[in-house]
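This is what each chain is made of:
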Amino acid sequence: LDAYLVTQATLPVEALPAAAEKAYETFAAPTPAMVAAAESQAAAAAQQLNRFLAQSPDRSKAWKTFLRWPVLQEQLASQNANTAELTQVLQRLSADESGLEKSQFVTLRRSLRVWIDRALAEKKTAAVAKKIKVYSSELAESLKQYDGNASHWDAMAIAARVNFLQRFDVAPELTASVRRHYSHPNLSAYISSGLISSAMDRAIDEAISIHENILGVRIVGEGQTKGSLQVDLLQDSERAALGLKMQGVTESQTVGTKRSVRVFANSTTSLEATKKVHFSADGFSSQPAQADASTETRVTGLTTRRGNRFVEKLAWRKVASSKGQAQRQSSQRAAVRLQSRMDEEGDKLLTGANQKYGEKFRGPLLRKDAFPRLFEVKSDGQQIQLLMHEASADQL
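**A word on the packing of aromatic side chains**
Step number 1: Following the criterion strictly, the structure yields 13 aromatic pairs and no others.
Step number 2: Measuring from centroid to centroid gives 6.0 Å for Trp63 and Phe66, while their planes differ by 75°, and the two rings are edge-to-face. Linking Trp63 with Phe66, this pair stays in helix H4 (residues 57–67), spanning 3 residues, or about one helical turn.
Step number 3: When its relative accessible area of 13% is taken as the criterion, Trp63 is described as buried.
Step number 4: Look at Phe66 and you get partly exposed, because its relative accessible area is 23%.
Step number 5: Through a chain of ring-to-ring contacts, the aromatic side chains of Phe279, Phe284, Tyr357, Phe361, Phe371 and Phe375 assemble into a single cluster.
Step number 6: Seen from the ring of Phe66, Arg92 lies directly overhead, with NZ or CZ sitting 5.5 Å from the centre.
Step number 7: Sitting above the plane of the Tyr135 ring, Arg161 keeps its charged end 5.0 Å from the centroid.

**Remarks on a nonpolar patch on the surface**
Step number 1: A cluster of nonpolar residues, Leu1, Tyr4 and Leu5, forms a patch on the protein surface that exposes about 380 Å² of accessible area.
Step number 2: Secondary-structure assignment places Tyr4 in helix H1 (residues 2–8).

**Side note on the packing of helix H5 (residues 69–77) against helix H7 (residues 103–123)**
Step number 1: At their nearest, the axes of H5 and H7 sit 14 Å apart, and the two run at 45° to each other. When the axis of H5 is compared with that of H7, the two are oblique. Here H5 and H7 pass one another in a crossing that is left-handed. Counting all contacts with H5, which are made through Trp69, Leu72, Gln75 and Leu76, the residues of H7 involved are Leu108, Leu112 and Trp115.
Step number 2: When its residues are assigned to classes, the contact of H5 with H7 shows 6 nonpolar, 1 polar and no charged.

**Considering the nonpolar core**
Step number 1: Grouped together as the largest cluster of nonpolar side chains are 29 residues, with contacts concentrated most on Leu242, Met246, Met342, Phe375, Val377 and Ile384.
Step number 2: For this core, the secondary-structure elements that each account for two or more residues are strand S3 (217–236), strand S4 (240–258), strand S5 (261–280), helix H12 (309–367), strand S8 (374–380) and strand S9 (383–389).
Step number 3: Here this core takes 7 residues from H12, the largest share from any one element.
Step number 4: Leaving out residues up to four positions away in the same chain, Met246 has contacts with Ile204, Thr225, Ser228, Leu229, Leu271, Glu272, Ala273, Leu338 and Met342.

**Structural notes on unusual backbone geometry**
Step number 1: Of note in the backbone geometry, Arg68 takes a positive phi value of approximately 60° without being a glycine.
Step number 2: Looking at where Arg68 falls in the secondary structure, it is placed in the loop between H4 and H5.
Step number 3: Its identity is not glycine, yet Asp169 carries a phi of approximately 55°, on the positive side.
Step number 4: Relative to the helices and strands, Asp169 is located in the loop between helix H9 (152–167) and helix H10 (172–182).

Rules used in this analysis
- Residues numbered from 1 in each chain as written.
- Predicted model: local features only at pLDDT ≥ 70, side-chain atom pairs only at ≥ 80, totals over all residues.
- Heavy atoms only, no water.
- Phe/Tyr/Trp six-rings, centres within 6.5 Å; stacked < 30°, edge-to-face > 60°.
- Helix = DSSP H or I, 4+ residues; strand = E, 2+ residues; numbered from the N terminus.
- Buried < 20%, exposed > 50% of the residue type's maximum accessible area, 1.4 Å probe, protein only.
- Lys NZ or Arg CZ within 6 Å of the ring centre and 35° of its normal.
- Patch = residues over 30% accessible without salt bridge, like charges linked within 9 Å, V, L, I, M, F, W, Y side chains within 5 Å.
- Areas by Shrake-Rupley, 256 points an atom, 1.4 Å probe, with all protein chains shown as cover.
- Salt bridge = Lys/Arg side-chain N within 4 Å of Asp/Glu carboxyl O.
- Axes fitted to C-alpha atoms, helices over the stretch in contact; angles between N-to-C directions.
- Parallel < 35°, antiparallel > 145°, perpendicular 65-115°, else oblique.
- Left-handed = near helix turned anticlockwise from the far one by under 90°.
- Contact = heavy atoms within 4.5 Å.
- Nonpolar A, V, L, I, M, F, W, Y, C, P; charged D, E, K, R; others polar.
- Core = buried A, V, L, I, M, F, W, Y, C linked by side-chain atoms within 4.5 Å.

Purely geometric stuff here, so don't read any function into it on its own.
Written out as structure tokens, the structure reads:
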């Protein structure tokens, strides 16, 4: 907790150069116990990855060959690990290979970096301490000269030294303060509701076939659904929220058959469905659709197989008494169908969107440890606001 609280403190800008001058004084070589703890974390991460790979033996063999798995296991079993060998494994884990963005690979990569740095600091304490002292002095000088006219290269010089000090837990309050003062979001984007609507709104006009059983009556027929799909932005301060709304009317002509009686009818079903879709740094997600339908049926005719007037009279009475119940059941069936279809279509759309987002954006950046450290997205009903801060460890 103490170590964490130090990183949350902020030194004044004017105090940064002086703090940098003395930063090297806070360096302490890691103890054997600290190195062992880092190795233990790397071993646990390797076991976790091994269990993950074991789910697919064929792919496991290929991955382990690529990652130089025997080398890693040899170093984990050694009493005196070779950091050069571990660095080769780390380089494989840092390659731009699809799949390395999985959390099991990322966890091993990060724990391996910590282990290598601690092992180096323990074995080559004098060399590391000497470089830290040089970097402390250079950082102090760079901070003195850093102002509104500074160039990208000046920022790189500061960030590279801050990153080195952070790797060896040197002056955490200083490094956190430098990041806090000089690191700022470097991408801001706004997407208007009008742009989203123009891209996603569409008219609906499609023919449907009807095959149902309502109150024991087999019903078949044809219909036409006309309506629209509209996309609106919703208010959400933690992610982008879209509301998909489908409204339409289905006009249908059906024939219901039960034993010797056939009932001819025209129906009008009013449809409405909504579905919420969200977007955040993790990708797209959605909530189950909600649908409602209301059916009005007009019986246009009734016949019996032999034209028995008594049977027809009874049938008309039965139709009249069960019409309300039949309309309610028909409405419920229509709502369920619409809800199911909206979920199916929405999930299909989101699956494709998530795949593209993962393959083109999230995955490659995670593999390179370059995913934005700040990724804020929200919607206010009028626009989606996106704020990012993307910088590698040696950049501000």
